[in-house]
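Chain residues, written in single-letter form:
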Amino acid sequence: MNERDHCCSTHLIEGDGTFNVAGVDNFVKEIKLAECGLSYAVVAIMGPQSSGKSTLLNHLFGTNFREMDALRGRSQTTKGIWMAHCVGIEPCTLVMDLEGSDGRERGEDDTAFEKQSALFALAVSDIVLINMWCHDIGREQAANKPLLKTVFQVMMRLFSPRKTTLMFVIRDKTRTPLENLEPILREDVQKIWDSVPKPDAHKETPLSEFFNVEVVALSSYEEKEEQFKEQVASLRQRFFHSIAPGGLAGDRRGVVPASGFSFSAQQIWKVIKENKDLDLPAHKVMVATVRCDEIANEKFSSFVENEAWRQLEEIVQSSPVPGFGKKLTSILDVCLSEYDTDATYFDEGVRSSKRKQLEEKLLQLIKPAYQSMLEHICSGTLDRFKEALDNTLNEGKGFAVAARDCTDYFMTQFDEASADAQIRQTNWDSSKVREKLRRDIDAHVDAVRATKLSDLTTLFEKKLNEALAAPVEALLDGASDDTWPAIRNLLRRETEVAINGFSSALSAFEIDNITKEKMLVRLEDYARGVVEAKAKEEAGRVLTRMKDRFTMLFSHDSDSMPRVWTGKEDIRAITKTARSASLKLLSVMAAVRLDDDADSIENTLSLALVDPKSGAAASRGISADPLASSSWDEVPSSKTLLSPVQCKSLWRQFTAETEYTVSQAITAQEASRRNNNWLPPPWAILAMVVLGFNEFMTLLRNPLYLCVIFVAFLLTKALWVQLDISGEFRNGALPGILSLSTKFLPTVMNLLRKLAEEGQRPANADHQQNPTAPAMTLRSTTNDHSAMSSSASSEITTSENGTEYSSPSSSKKPQ
C-alpha cells in the first residue's frame, strides 16, 4: 500500500456548487484534523483547464487526484473542488484542486463558478498556486491574465483580506532563465493589480499588503519527466513547516482553528453562493461562536455523564459528602480546562463568552446538589446541637451558658462545613442557610427553655403541694382559733423556701427581671391556690368532720378513753361542749383567711346556732336571722367557702344526725342507774323487817340455819354466774328458759365434781396450804363471775319499749 492510499481525498464542492458536508466531516475525522489546532496549512491550485494542475499536486503532495488522459484528448477532468490530505508533510497540510478556468464545458460567458471558486480559495487557503504556461509570460492576451484579474477582483470582496501567498508555477520552462522571466511576470501582475478597481480604503494599498508573490519554474513533465520530478521534489521541501516564521505562509493571519475548518468552509461557500461580500473577521467570529457552542455543549454533556459527578449527585441527595467542595471543584476544573484546550485557538472574546456561559450552565446544574449539601450540613449541625445541649444540661451546666456555648460552637462548625462545601468557581452565599440554622437553633433553645422552665415550675409546684396540702388538711381538721394563723405562717414559710429555691434555679436561665418576677408571682399565687383548693375540698366534707369531732368529744373523756355512762355525767354540758367544738370547725371552714383580716363569722354562728335566744329570734322572722344571707360581712365572695345559708343548713343536718347519739347516751345512763340500784324501796324494806322479824329471830336462835342459808346463797350465786342467767334472758324469756334447761344439769354436775376433787386431797396438804380451799375456790369463782356479771350489767340497759341498747362509748374507739 503506497502513500497515495493514505491521502484521503474527498469531493469538497460538487460541480453544481453543492457543498459536500458529510464528505468533509468524514474527511476531517479520518485525518484527525481537529487535533491540529492552528498547526495546519491549506494549499489551493488554480489555473487554466488541462494545464496539469492535478498532475502537479499528485507529484508535489502525494495526492491521488484524477489526472487527464492525454491519449483520449484534452477535456475537463476536475469538476468543482476536490480536497486531499498531503502525505508526509508537517504540519498537516490540506490541498484543494480547483476546477480549471477557461474551460469549454462551462462556456465563455459562464464565469460565475470560476469567480466563486477563486474567492473561496483566497478565503480558505494560506498558499495559492497559480499554474501557468511559460510561453504566456509577456503576452497581453495570455490565458493567465483573466485568471489574475479574477483573483484580484474577488480579493476586493473581502472586507479584511487574508495575507495569502501567491506562488506562480511556470510550466514547461524554456531555455529562458527564471531570473529573466520573474521580473516580467511581476510587472504583469503589478499592472493587473493597478488596473483592478479598488474600494476607497484600498486605493493606495500596495500588492504586498495582501499577497506574498513567489515564482517557480518547472520543466515539461512529458519531455523531461525526471528533471520535472527532481524540481517538484525540491519544491516540496518548501512546504515543510510552511506556517513557521519565514515559511511560505509564515505571516498569515486570521486563521480558523482546525476543529472549525469544516464549518468555516461551509459557511464561506454559503456566503459566496449567495453573492454577498465576505467579511472574514465577522466570519471568524461566527465560526468561533458556532464551534465554541459545540465544544461547550460537548463538555456539558461530558460533565453530565461524568461518573464522579453522578455518584456525587446521587450520594448528596441522601447524606452529606465529605470534601464536597473540593471534589466538585476538581470535576469543574477538568471540564473547563478541557473546554479551554479545545477552544484555545478561536476568537478570544467569543471563547471567553462561551466559557462563561458554560460555567453558568454547569453551576446551574450543580446548584441543587450544593443546596442539598448545605441542607445536610444544616440539619446535621442542628441534630448535633440538640444532642450536645441535652448532654451539657444533663451534666448540670447552667442553661443560658450551655445554650450560648453550644450555639457558638455549632455555628462555627457550620461555617467550617459550609466553607468546605464551597465551590471555588462560585461565589454562592450560604448566609440564608446560616440564618435558617440560627433561627432553628434559637427556636430549639426557646422550646427547651420553655420545657425546662415548665418542668422547673412543676417541680416547685409539686414541692409546694406536698409541703402545704397535708399540713393544711391537718390544721383544718383540728380547727381552733390558731388554725388560720398557723396556715398563714405555714404558707409564708413554705412559699419563701420555694421562692428562694425557684429564684436561684431561674438565675441559670438568665431571663429578664420582668419575666422572672412574673414567674415568682405565679408561684406565690399557686401556693395560695393550693391552700384555697385544700380549704374548699375540706369545706365540702365539713359535715362529716363536724360529726366526727362531735362523736370524738361526746363519746370520749379528756384522756381520750371511751366514755362509760354511769349516771354521774352531765350529758347536757358534754353535748354543748362537743357542739361548740363542731361549730368552731364550721366557722373555720366558712371562709379562707390568708390575708389576716378579722371577721365575725364565729360570733355570728355562735349567736345564731348555739345561743337559745338567737334561736328564738330566728323563729320570729327571717329578717332577724343573721344567717339569712348569701354572704358574710367583711368577707368577699371569692374568699367565702360556706355561705351563711349553707352553714345554717349544715348545722340543722348536723344536729339532726347527732340527736340519736345524745338520746342513746341518755338511755344508757338511765339503764346504768337502774342496774346499779339493787335495794328495794324503803316501804319494802320496812315490810320485810316487820313481817320477817320472827324468821330473823329464829335464825339468831339457831345459827345452823344461817350457815345453810349462806351455803345455799353461795351455790345459787355460783350457778347464776356459771349459767349467765342475765345474758341468756337478754334475747327473750322463752329462749332463755330453753337455754338454761339444757345447761343447768351439766353445770350442777361440774360444781359437784369440783367439790369432790377438793375433798379427795390429802389432809396434810390441806393443812399445809389452806383448810378452807374449797370454800375459797368457790368464793373466788363466785367473785369472778360476780364481777363479770356486774360488768355486763353495766353495759346493758333496757328501754321502756323493751329494746336493749349498748352505750356507743363501749364499742367505738376514739378518733
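Cut-offs used in this document
- Residues numbered from 1 in each chain as written.
- Predicted model: local features only at pLDDT ≥ 70, side-chain atom pairs only at ≥ 80, totals over all residues.
- Heavy atoms only, no water.
- Helix = DSSP H or I, 4+ residues; strand = E, 2+ residues; numbered from the N terminus.
- Buried < 20%, exposed > 50% of the residue type's maximum accessible area, 1.4 Å probe, protein only.
- Contact = heavy atoms within 4.5 Å.
- Areas by Shrake-Rupley, 256 points an atom, 1.4 Å probe, with all protein chains shown as cover.
- Core = buried A, V, L, I, M, F, W, Y, C linked by side-chain atoms within 4.5 Å.
- Axes fitted to C-alpha atoms, helices over the stretch in contact; angles between N-to-C directions.
- Left-handed = near helix turned anticlockwise from the far one by under 90°.
- Nonpolar A, V, L, I, M, F, W, Y, C, P; charged D, E, K, R; others polar.
- Patch = residues over 30% accessible without salt bridge, like charges linked within 9 Å, V, L, I, M, F, W, Y side chains within 5 Å.
- Salt bridge = Lys/Arg side-chain N within 4 Å of Asp/Glu carboxyl O.
- Polar contact = N/O pair within 3.5 Å; in protein donor to acceptor, adjacent residues only side chain to side chain.
- Phe/Tyr/Trp six-rings, centres within 6.5 Å; stacked < 30°, edge-to-face > 60°.
- Lys NZ or Arg CZ within 6 Å of the ring centre and 35° of its normal.
- Pairing = 2+ DSSP bridges.

Visitor: Quick question: what am I supposed to make of the overall build of the protein chain here?
Guide: The helix and strand inventory of the protein chain stands at 28 helices and 9 strands. In the protein chain, which comprises 815 residues, the share counted as buried stands at 43%. When contacts within the protein chain are restricted to residue pairs at least 6 apart in sequence, long-range pairs at least 24 apart make up 73% of them. Accessible surface computed for the protein chain: about 43,800 Å², of which carbon and sulfur atoms make up 52%.

Visitor: What is the right way to read the nonpolar core from this model?
Guide: Generally speaking, nonpolar side chains in soluble globular proteins are found buried as a group. Met96, Phe120, Phe152, Phe168, Phe211, Phe324 and Leu586 are the most contacted members of the largest nonpolar core, which totals 168 residues. At 15 residues, helix 11 (residues 348-394) tops the list of elements feeding residues into this core. If you look at the next biggest cluster of nonpolar residues, it comprises 23 residues, including Val43, Phe65, Ile89 and Phe228.

Visitor: In this structure, what is going on with the packing of helix 13 (residues 431-477) against helix 15 (residues 513-540)? I would like to understand it.
Guide: For any two helices packed against each other, one specifies the crossing angle of their axes together with the interaxial distance. Where helix 13 meets helix 15, the closest approach of the two axes is 9 Å, and the angle between their N-to-C directions is 35 degrees. When you trace helix 13 past helix 15, the crossing you get is right-handed. Contact with helix 13, carried on its side by Leu453, Thr457, Phe460, Glu461, Leu464, Asn465, Leu468, Ala469, Val472, Glu473 and Leu476, involves Met519, Leu523, Tyr526, Ala527, Val530, Val531, Lys534, Ala535 and Glu538 of helix 15 and no other residues of that element. Residues belonging to the contact of helix 13 with helix 15 are distributed by class as follows: 14 nonpolar, 2 polar and 4 charged.

Visitor: Looking at this model, I keep getting lost on the environment of Asn603. Mind explaining?
Guide: By the secondary structure assignment, Asn603 is in helix 18 (residues 601-610). Remark: the alpha-carbon pair of Asn603 and Lys584, spanning 19 residues in sequence, is separated by 9.8 Å.

Visitor: I keep staring at a nonpolar patch on the surface and nothing clicks. Help me out?
Guide: Together, Phe710, Val711, Phe713, Leu715, Phe744, Leu745, Met749, Leu752 and Leu755 make up an exposed nonpolar region whose accessible area comes to about 880 Å². Broken down by element, the nonpolar patch gets its largest block of residues, 5 residues, from helix 25 (residues 733-759). By the element assignment, Val711 lies in helix 23 (residues 703-723). Classification of Val711 by relative accessible area gives partly exposed; the value is 45%.

Visitor: Looking at this model, I keep getting lost on the side chain of Thr483. Mind explaining?
Guide: Secondary-structure assignment places Thr483 in helix 14 (residues 483-506). Among the polar contacts listed, one links the side chain of Thr483 to the backbone nitrogen of Ser480, at a separation of 2.6 Å. If near-sequence neighbours (up to four positions away) are discounted, Thr483 is found in contact with Leu475, Leu476, Gly478 and Val588.

Visitor: Can you help me understand the pattern of salt bridges in this one?
Guide: Note that side chains of opposite charge can pair when their charged atoms are close. Overall, the coordinates contain 33 salt bridges when judged by the stated rule. In this structure, Asp126 and Arg252 form a salt bridge, with 3.0 Å as the shortest nitrogen-oxygen distance. Here the residue Asp126 occupies a position in the loop between helix 3 (112-124) and strand 5 (127-133), and Arg252 occupies one in the loop between helix 6 (225-237) and helix 7 (261-273), the gap between them amounting to 126 residues. The same class applies to Asp126 as to Arg252, namely buried. Among the ionic contacts, a cluster of salt bridges with common partners joins Glu473, Asp477, Lys534, Glu537, Glu538, Arg541 and Arg545.

Visitor: Which parts of the structure should I look at to understand the packing of aromatic side chains?
Guide: Working definition: an aromatic ring pair is given by the centre-to-centre distance plus the angle between the planes. Inspection of the entire model under this criterion finds 16 aromatic pairs. Consider the rings of Phe61 and Phe239, whose centres lie 4.9 Å apart with planes at 75 degrees: the pair is edge-to-face. Taken as a pair, Phe61 in helix 2 (residues 53-61) and Phe239 in the loop between helix 6 and helix 7 lie far apart in primary sequence, 178 residues in all. Through a chain of ring-to-ring contacts, three or more aromatic side chains come together here, namely Phe550, Phe554, Trp565, Trp651 and Phe654. Taking the ring centre of Phe300 as reference, the NZ or CZ of Lys361 above it sits at 4.4 Å. The ring centre of Phe460 lies 5.0 Å from the NZ or CZ of Lys463, which sits over that ring.

Visitor: For this particular structure, what's the right way to read the pairing of strand 3 (residues 81-85)?
Guide: Note on strand geometry: in a regular strand, side chains alternate between the two faces of the sheet. The buried fraction of strand 3 amounts to 4 of the 5 residues, a majority that puts the element mostly inside the structure. Where strand 1 (residues 10-13) and strand 3 come together, 3 bridges link them in antiparallel fashion. For Ile13, the partnering residue across the bridge sits in strand 3 and is Ile81. Hairpin connection, strand 3 to strand 4 (residues 92-98): the antiparallel pair is bridged by 6 residues, and Gly88 has positive phi, about 80 degrees.

Visitor: Please explain the sheet that holds strand 4 as it appears in this structure.
Guide: The strands that make up a sheet are held in pairs by hydrogen bonds between backbone atoms, and each pair lies either parallel or antiparallel. Read from one edge to the other, the open sheet built from 7 strands follows the order 1-3-4-2-5-6-7, with strand pairing classed as mixed. A strand with exactly one partner marks an edge of an open sheet, and here the two such strands are strand 1 and strand 7 (211-217). Each adjacent strand pair in this sheet contributes to an overall mean axis angle of 25 degrees, direction not counted. Strand direction decides the pairing type here: strand 6 (residues 164-171) and strand 7, joined by 7 bridges, are parallel. Its bridge partner lying in strand 7, Met167 is registered against Glu214.

Visitor: Looking at this structure, how should I read unusual backbone geometry?
Guide: With glycine set apart, most residues show a phi of negative sign, and most peptide bonds adopt trans. The step from Glu90 to Pro91 runs through a cis peptide bond, and the omega angle for that step is 0 degrees. Turning to its location among the elements, Pro91 is positioned in the loop between strand 3 and strand 4. A positive phi angle, close to 55 degrees, is found at Lys32, a residue other than glycine. When its relative accessible area of 52% is taken as the criterion, Lys32 is described as exposed. Backbone geometry at Asp172 places phi at a positive 55 degrees, although glycine is not the residue there. If you trace the backbone, Asp172 turns up in the loop between strand 6 and helix 5 (178-195). Exposure remark for Asp172: the relative accessible area of 28% places this residue in the partly exposed category.

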